[in-house]
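So you can see what is in the structure, the chains are spelled out below.
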Amino acid sequence: MDGSAPRPRELLKIAVDVARDAAATAHRMRAEGVSVAATKSTVTDVVTAADRAVERQVVDALRRVRPHDAVFGEEYGAGGPEAGAARVRWIVDPIDGTVNYLYGLPYCAVSLAAEVDGEVVAGVVRNVATGEEWTATAGGGAYRGGERLRCSGETDLSQALVGTGFGYDPGRRAHQARVLAELIPHVRDIRRQGAAALDLCLAAEGRLDAYYEKGLAAWDHAAGALVAAEAGLRVAGLGGLPPGPDLLIAAPPALFQPLHDRLAALDASGGP
């Protein structure tokens, strides 16, 4: 086994090939009809047969081309070498926006990122319904359809269109709703579209000015956050912490601090 680190572009090519095939499978399974296979944290937090089938397809494809890498997925957890034994770890969300997928709403995606030594260096997000595809490599920029992306140039929080999302636990939703009710008078408007990876990509190209959410797992944001950061957004948690389950904020540099401070004052990272 070669211990040298692969180049981000090499990993991105693999990610794109695998994600495209996975998105095609998800699209076909949706056309054939989809049903709930299980629930996770609550009865509204659903898993479809397609989630499981697509993740298994991704894992199998990665193992064929990179058998010594680790894989961390939403549905099946960690696989491959033991923790710390592999320099490369793939992070996969087979269908981000499962509820949208279940209802036939065109806002769900395959998200696949590659970490090297704990740092995300390549990522792809592909919309299952539309075929839109966003890619990024660390230090190499973010792209959609060959066009390099730059985030919004908005500097006034009161004029910012801000995306967010909600968890599935009723107590968490109630807390997030209270935060939103206090935030909305201070921004242009709010959008809640149901797929964190796609929200981050929309922010990367300025179709949202900023985005925040509590409760995201690594598979929700690994690829999308890299796309956002490479498009010029600052992506972080509260108080200098890295983005994570407590809170993720993605905003242009001029908007980050005012949005951060407002969310901190509203205890956006608190609650259940």
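This text follows the structure it describes.
Anyway, here's the lowdown on the structure attached to this text. In every chain, residue numbers begin from 1 and rise along the written sequence. A pLDDT threshold of at least 70 governs which residues receive local features in this predicted model, and a stricter bar of 80 or more applies before side-chain atom pairs are shown or counted, although totals over entire chains, interfaces and linings include all residues. Here the side-chain values reflect all heavy atoms present in the structure, with hydrogen atoms and water set aside.

Digging into the packing of helix α1 (residues 8–32) against helix α2 (residues 49–65)
A pair of packed helices is characterised by two quantities: the angle between their axes and the separation of those axes.
Point 1. Note on geometry: axes are lines fitted to C-alpha atoms, helical ones only across the stretch in contact, with angles between N-to-C directions running from 0 to 180 degrees. Counting from the N terminus, the helices are DSSP H or I runs at least four residues long and the strands are E runs at least two residues long. In the contact formed by α1 and α2, the axes pass within 10 Å of each other and the chain directions differ by 155°. In terms of axis orientation, α1 runs roughly antiparallel to α2. Handedness of the crossing formed by α1 with α2: right-handed. Of the residues in α2, those touching α1 at Ile 14, Val 18, Asp 21, Ala 22, Thr 25, Ala 26 and Met 29 are Ala 49, Ala 50, Ala 53, Val 54, Gln 57, Val 58, Ala 61, Leu 62 and Val 65. By definition in this entry, angles of less than 35 degrees are roughly parallel, angles greater than 145 are roughly antiparallel, angles of 65 to 115 are roughly perpendicular, and the rest are oblique. By convention, the crossing between two helices is left-handed when the near helix turns anticlockwise from the far helix through less than a right angle, and right-handed when the turn is clockwise. Residue contacts are defined here by distance: any two heavy atoms, one from each residue, within 4.5 Å place the two residues in contact.

Notes on the packing of aromatic side chains
Point 1. Here a Phe, Tyr or Trp ring, Trp counted by its six-membered ring, pairs with any other such ring whose centre lies within 6.5 Å, and the pair is stacked when the planes are under 30 degrees apart, edge-to-face when over 60, and tilted otherwise. Summed over the entire model, instances satisfying the criterion amount to one aromatic pair.
Point 2. Aromatic pair Phe 72 and Trp 219: ring centres 5.4 Å apart, planes at 55°, arrangement tilted. Taken together, the positions of Phe 72 in strand β3 (residues 70–73) and Trp 219 in helix α6 (residues 218–230) put the pair 147 residues apart, joining distant regions of the chain.

A word on the pattern of salt bridges
Point 1. By convention in these notes, a salt bridge is any Lys or Arg side-chain nitrogen within 4 Å of a carboxyl oxygen on Asp or Glu. For the structure on display, the rule yields twelve salt bridges.
Point 2. We note a salt bridge from Glu 132 to Arg 207, for which the minimum N-O separation is 3.1 Å. With Glu 132 in the loop between β7 (119–127) and β8 (133–137) and Arg 207 in the loop between α5 (196–204) and β13 (210–213), this pair connects stretches of sequence that are 75 residues apart.
Point 3. Here the term buried applies to any residue with accessible area under 20% of the maximum for its type, exposed to any over 50%, and partly exposed to those in between, with areas from a 1.4 Å probe on protein chains only. Overall, the relative accessible area of 24% leaves Glu 132 in the partly exposed class.
Point 4. Arg 207 sits in the partly exposed class, given a relative accessible area of 41%.
Point 5. Taken together, the salt bridges that share partners define one network made up of Glu 132, Arg 144, Glu 205 and Arg 207.

Thoughts on the pairing of strand β12 (residues 189–192)
Point 1. When strand β11 (residues 161–164) meets β12, the two strands line up parallel, connected through four bridges. When the sheet's bridge partners are listed, Gly 163 is paired in β12 with Arg 191.
Point 2. Crossovers are marked right-handed if the path from the first strand over the helix to the second runs clockwise, as seen with the strands pointing away from the viewer. Handedness of the crossover joining β11 and β12 through helix α4 (residues 170–183) is recorded here as right-handed. Only strands that DSSP links by at least two bridges are regarded as paired with each other.

As for the side chain of His 175
Point 1. Position of His 175 relative to the elements: it lies in helix α4.
Point 2. Discounting chain neighbours no more than four positions away, the residues touching His 175 are Asp 267, Ala 268, Gly 270, Gly 271 and Pro 272.

A few points about the sheet that holds β13
Point 1. The strand order across the open sheet built from five strands is β12-β11-β13-β15-β14, with neighbouring strands paired in mixed fashion. Edge strands, defined here as strands with exactly one partner in the open sheet, are β12 and β14 (234–236). On average, adjacent strands in this sheet sit at an angle of 15° to one another, irrespective of strand direction.
Point 2. The pairing of β11 with β13 spans two bridges and is classified as parallel. By the bridge assignment, Val 162 is partnered in β13 with Ala 210.
Point 3. Running over the sheet, helix α7 (residues 253–265) touches β13, β14 and β15 (248–251) and is turned about 150° from β15.

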